[in-house]
Amino acid sequence: MDNRELENKIATAFANIAPDTLDSVLQACDEQKGRVIVMTEKKKRTHLYAPLPG
Amino acid sequence: MICLTSTITGMSEVHEIERCFHDIASGNGTPALEKLYNCTKDVIYGYALSMLKNTHDAEDVLHDCCISIYHSADRYTAAGKPMAWIITIARNLCLDKLRARSRVVEIPEENWEQYLELNTSVSVENKVLIEKCLTVLSDDEREILLLHVLSGLKHREIAAMTDRPTATILSKYRRALKKLRAILEEEDR
């Protein structure tokens, strides 16, 4: 058995080994996409001191 | 979509994966992520299982890796190496898991043997080969072998990723193949 044959055997062995978790991945991505943080308008700072009379 | 489930080395697969990144980044996320998932799940899971030897952790890595790709696909710069990018994400997640394990006293048991036994989609011959990969090879040898064989990374790319000299990667790779070949040939006799 040469290197290429052995490499192919290993690649084939690991094919179809993963469980199908696509639904949970898609669901997690959708949930994160739908999470919206509402940005409220920033309050303007009011002047604490009245301007000096000119 | 033309895509090998085990190795991603051809240019058509590379272009397909890059197209998926582009589609995800431009808002057409779900179908593109589905394509990408089906194309890369065995590589990511196989690599994570070989690193962590725990099916739950490997599944977590697969899940988190896909989500990470989904959120950062726009940051991928096309360089013809999408698998290197994906595997880097998966590797970092695996290293996080290993670091987390070292912080807790209770080390999760290796449960891959039971998982393989129950998995009917893997033939007996392939189960034996996976078992040998996970038990006979050292951590380094296994990681290097699977990075090259499953994700199609070149030895110099693995060297850059793992921060080791290319000569070291090559010698560990050859040693891993030699070990596996010797064991498989012995079993055939």
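Look above for the structure.
Residues numbered from 1 in each chain as written. Chains lettered and ligands numbered in written order. Predicted model: local features only at pLDDT ≥ 70, side-chain atom pairs only at ≥ 80, totals over all residues. Heavy atoms only, no water.

Student: Explain the pattern of salt bridges to me, please; I cannot follow it from the model alone.
Tutor: Oppositely charged side chains can pair when the atoms bearing their charge come close. Residue and element names in this part refer to chain B. Scanning the entire structure with this criterion turns up 15 salt bridges over all chains. The salt bridge involving Asp-60 is made with Lys-97; its shortest N-O contact spans 3.1 Å. You can see Asp-60 sitting in helix α3 (residues 55-72) and its partner Lys-97 sitting in helix α4 (residues 82-103), a full 37 residues away along the chain. A residue is classified by how much of its surface remains accessible, and Lys-97, at 22% relative accessible area, is partly exposed. In this structure, a network of salt bridges that share partners links the residues Arg-91, Asp-140, Glu-143, Arg-164 and Lys-172. (Salt bridge = Lys/Arg side-chain N within 4 Å of Asp/Glu carboxyl O. Helix = DSSP H or I, 4+ residues; strand = E, 2+ residues; numbered from the N terminus. Buried < 20%, exposed > 50% of the residue type's maximum accessible area, 1.4 Å probe, protein only.)

Student: How should I be thinking about unusual backbone geometry in this particular structure?
Tutor: Across residues other than glycine, the phi torsion is negative in most instances, and most of the peptide bonds are trans. Residue and element names in this part refer to chain B. Within the chain, Lys-53 stands out as a residue other than glycine whose phi angle is a positive 55°. On the secondary structure map, Lys-53 appears in the loop between α2 (29-52) and α3. Accessibility expressed as a relative area gives 15% for Lys-53, which makes it buried. The backbone of Asp-163 shows a phi angle near 60°, a positive value even though the residue is not glycine.

Student: What should I look at first to understand the interface of chain B and chain A in this one?
Tutor: The figure often quoted for interface size is the accessible area lost as the parts come together. At the junction of the two partners, chain B supplies 40 residues and chain A supplies 27 residues. Both sides of the chain B and chain A interface together cover about 3100 Å² of buried area, and 68% of this is carbon and sulfur. Broken down residue by residue, the surface that chain B buries against chain A is led by Tyr-37, Asp-42 and Arg-181 of chain B, which jointly contribute 16%. In this structure, the connection of chain B to chain A is made through 1 salt bridge. For Lys-9 of chain A, the salt bridge identified is with Glu-125 of chain B, shortest N-O distance 3.5 Å. In this structure, the connection of chain B to chain A is made through 9 residue pairs in polar contact (both at pLDDT 80 or more). Counting residues per element, the ones that place at least two in the side of chain B that touches chain A are α2, α3, α5 (112-118), α6 (124-136), α7 (139-151) and α9 (166-188) of chain B. Examining the composition of the side of chain B that touches chain A, we find that 9 residues originate from one element, α2 of chain B, more than from any other. Here the side of chain B that touches chain A is composed, by residue class, of 22 nonpolar, 11 polar and 7 charged. (Contact = heavy atoms within 4.5 Å. Buried area = accessible area lost by both parts, 1.4 Å probe. Polar contact = N/O pair within 3.5 Å; in protein donor to acceptor, adjacent residues only side chain to side chain. Nonpolar A, V, L, I, M, F, W, Y, C, P; charged D, E, K, R; others polar.)

Student: What's the story with the packing of aromatic side chains in this structure? I'm lost.
Tutor: For any pair of aromatic rings, the description rests on two quantities: the centre-to-centre distance and the angle between the ring planes. Following the criterion strictly, the structure yields 3 aromatic pairs over all chains and no others. One aromatic cluster is present, formed by Phe-21, Tyr-76 and Trp-85 of chain B through successive ring pairs. (Phe/Tyr/Trp six-rings, centres within 6.5 Å; stacked < 30°, edge-to-face > 60°.)

Student: Any chance you could explain α9 of chain B here in plain terms?
Tutor: Taking 1.5 Å per residue as the helical rise, α9 of chain B with its 23 residues ought to reach 33 Å, and the 33 Å between its terminal C-alpha atoms agrees with that figure. Taken together, the buried positions of α9 of chain B are Ile-169, Lys-172, Tyr-173, Ala-176, Leu-177, Leu-180, Arg-181 and Leu-184 of chain B. Tucked inside the fold, the buried residues of α9 of chain B contact α1 (3-14) of chain A together with α6, α7 and α8 (155-162) of chain B. (Expected span 1.5 Å × (residues − 1).)

Student: Quick question: what am I supposed to make of the state of the cysteines here?
Tutor: As used in these notes, a disulfide is a covalent bond between sulfur atoms, one from each of two cysteines. In this structure the tally under the stated criterion is 0 disulfides over all chains. Distance from the sulfur of Cys-65 of chain B, which forms no disulfide, to the nearest cysteine sulfur (Cys-66 of chain B) is 5.9 Å. (Disulfide = S-S within 2.5 Å.)

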